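Summary of structural features
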Amino acid sequence: MANRMLERLRKKDKQGLFSASQVSTAYKTGFLPFDYLNGYKVRVVDKNENTVDSYPAIGLTGGTFNTIIGKSGTAKSTFCIQVAYNMIRNFEDDAFVIYYDLEQALNYTRIKNITGMSQIDMEDKFILKQEKNYIEDIFDSIMQIANDKESNKDELRYDTGMLDEFGNPIKNYIPTVIIIDSLPILGTKSNDGENDMKSDTETNRIAKRIKQFYVKLMPVIKTYNITIFVINHITAKIEINPFSKTQSQIMYLKQDESVPGGTAPIYLANNLLKFNEIVDSFTSGMDKINKE
């Protein structure tokens with residue numbers, strides 16, 4: 001039986017307020033265990049609930065916030081670069097990555113070694129930003145990307161070749177990937193135009209701006225298929241009372257660990273990935289040599 005109220009609302013609706021808007025697209029990251037762990041199987045049915053198609057939607061969903069946490073040296077940046085490139089590599093035109101290198105530690109040679117990109121591809125598809133990296137600059141850049149996609153939707157939308165659960169073709173915007181490395185160094189422009197070095201005031205203001213950043217951009221990045229990776233560091237938690245330790249910040253952290261930047265990067269992220277220490281065979285071999 002048809003829903004008469006929805007029919008009336010949709011008939012008058014010129015903004016798509018009462019239409020389904022699932023445009024989720026999963027992109028393979030190149031890390032198969034992660035892709036399958038993060039994926040699901042789509043079952044396409046007809047009006048009689050008969051299955052007409054099914055396929056695995058594996059990988060990372062585009063248009064999401066992804067917070068990467070871990071101690072130094074756990075390959076957080078390398079992971080983000082590899083995943084970002086794998087998300088855009090199959091698009092010849094218009095897809096690109098912006099890497100906001102707040103730590104001033106990256107260069108194009110390393111990007112090329114990680115991704116295997118050619119020099120020409122890097123110039124057109126991978127933008128390394130080491131200036132104008134205030135949170136306001138990053139926000140304005142993302143909004144400009146969204147506005148351009150909205151203004152040029154005919155050329156920047158593509159047919160994914162997949163159907164949603166109701167049998168409708170899934171069309172989405174060509175992906176854009178943003179990497180912010182890293183959150184503890186992210187700054188905000190002072191209200192009075194001067195550098196504010198008061199630690200408490202600055203810390204609180206940045207935490208507030210970060211929350212606004214997440215809240216305001218959440219619907220935007222989903223609509224325009226802009227995936228954001230925010231890299232954060234695990235630091236030692238300072239206990240005021242050494243005889244009574246507080247609970248861990250979140251269940252993924254140890255009792256003596258914490259992450260800076262406020263609660264927004266944790267609780268508003270679509271995916272939260274924790275990177276643990278890396279112990280490889282080469283390091284183990286070097287330890288044996290040094291001992292001998």
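Note: the structure precedes this text.
These lines cover the structure that appears in this document, whether it is placed above or below. (Residues numbered from 1 in each chain as written. Predicted model: local features only at pLDDT ≥ 70, side-chain atom pairs only at ≥ 80, totals over all residues. Heavy atoms only, no water.)

Counting residues in hydrophobic clusters, the biggest one holds 31 residues, and the most contacted among them are Ile-68, Tyr-99, Val-177, Ile-179 and Phe-229. Taken together, the elements giving at least two residues each to this core come down to α3 (76–88), β6 (96–101), α4 (108–115), β7 (126–129), β10 (176–181), β11 (226–233) and β14 (271–275). Ranked by the residues each element gives to this core, the list is headed by α3, at eight residues. Ile-142, Leu-183, Tyr-214 and Tyr-224 belong to the second-largest nonpolar core, a separate cluster that totals 28 residues. (Core = buried A, V, L, I, M, F, W, Y, C linked by side-chain atoms within 4.5 Å. Buried < 20%, exposed > 50% of the residue type's maximum accessible area, 1.4 Å probe, protein only. Helix = DSSP H or I, 4+ residues; strand = E, 2+ residues; numbered from the N terminus.)

Turning to the sheet that holds strand β5 (residues 65–70), a few remarks are in order. Strand order in this open sheet of six strands is β7-β6-β10-β11-β5-β14, and the pairing throughout is parallel. Bordering the open sheet on either side are β7 and β14, each of which pairs with just one other strand. Averaged over all neighbouring strand pairs, the angle between strand axes comes to 15°, with direction disregarded. Alignment of β10 against β11, held across six bridges, turns out to be parallel. Bridge pairing in β11 places Asp-181 opposite Ile-231. (Pairing = 2+ DSSP bridges. Axes fitted to C-alpha atoms, helices over the stretch in contact; angles between N-to-C directions.)

Its place among the elements puts Ala-105 in the loop between β6 and α4. Along the sequence, Ala-105 and Gln-130 sit 25 residues apart, while their C-alpha atoms lie 9.1 Å from each other.

Under the counting rule described, the total for this entry stands at five salt bridges. Across the pair Lys-71 and Glu-257 runs a salt bridge whose closest N-O atoms are separated by 4.0 Å. Of this pair, Lys-71 sits in the loop between β5 and α3 while Glu-257 sits in strand β13 (residues 257–258), and the two are 186 residues apart along the sequence. The shortest N-O distance in the salt bridge between Glu-150 and Lys-153 comes to 3.1 Å. (Salt bridge = Lys/Arg side-chain N within 4 Å of Asp/Glu carboxyl O.)

Counted according to the given criterion, the structure contains ten aromatic pairs. Seen from their ring centres, Phe-34 and Phe-79 are 6.2 Å apart, and the 90° between their planes marks the pair as edge-to-face. Note that Phe-34 is positioned in helix α2 (residues 32–37) and Phe-79 in helix α3, a separation of 45 residues in sequence. For the residue pair Phe-34 and Phe-79, the accessibility class agrees, reading buried in each case. Geometrically, the ring pair formed by Phe-91 and Tyr-158 is edge-to-face, given 5.0 Å between the ring centres and 80° between the ring planes. (Phe/Tyr/Trp six-rings, centres within 6.5 Å; stacked < 30°, edge-to-face > 60°.)

So yeah, pure geometry; function would need other evidence.
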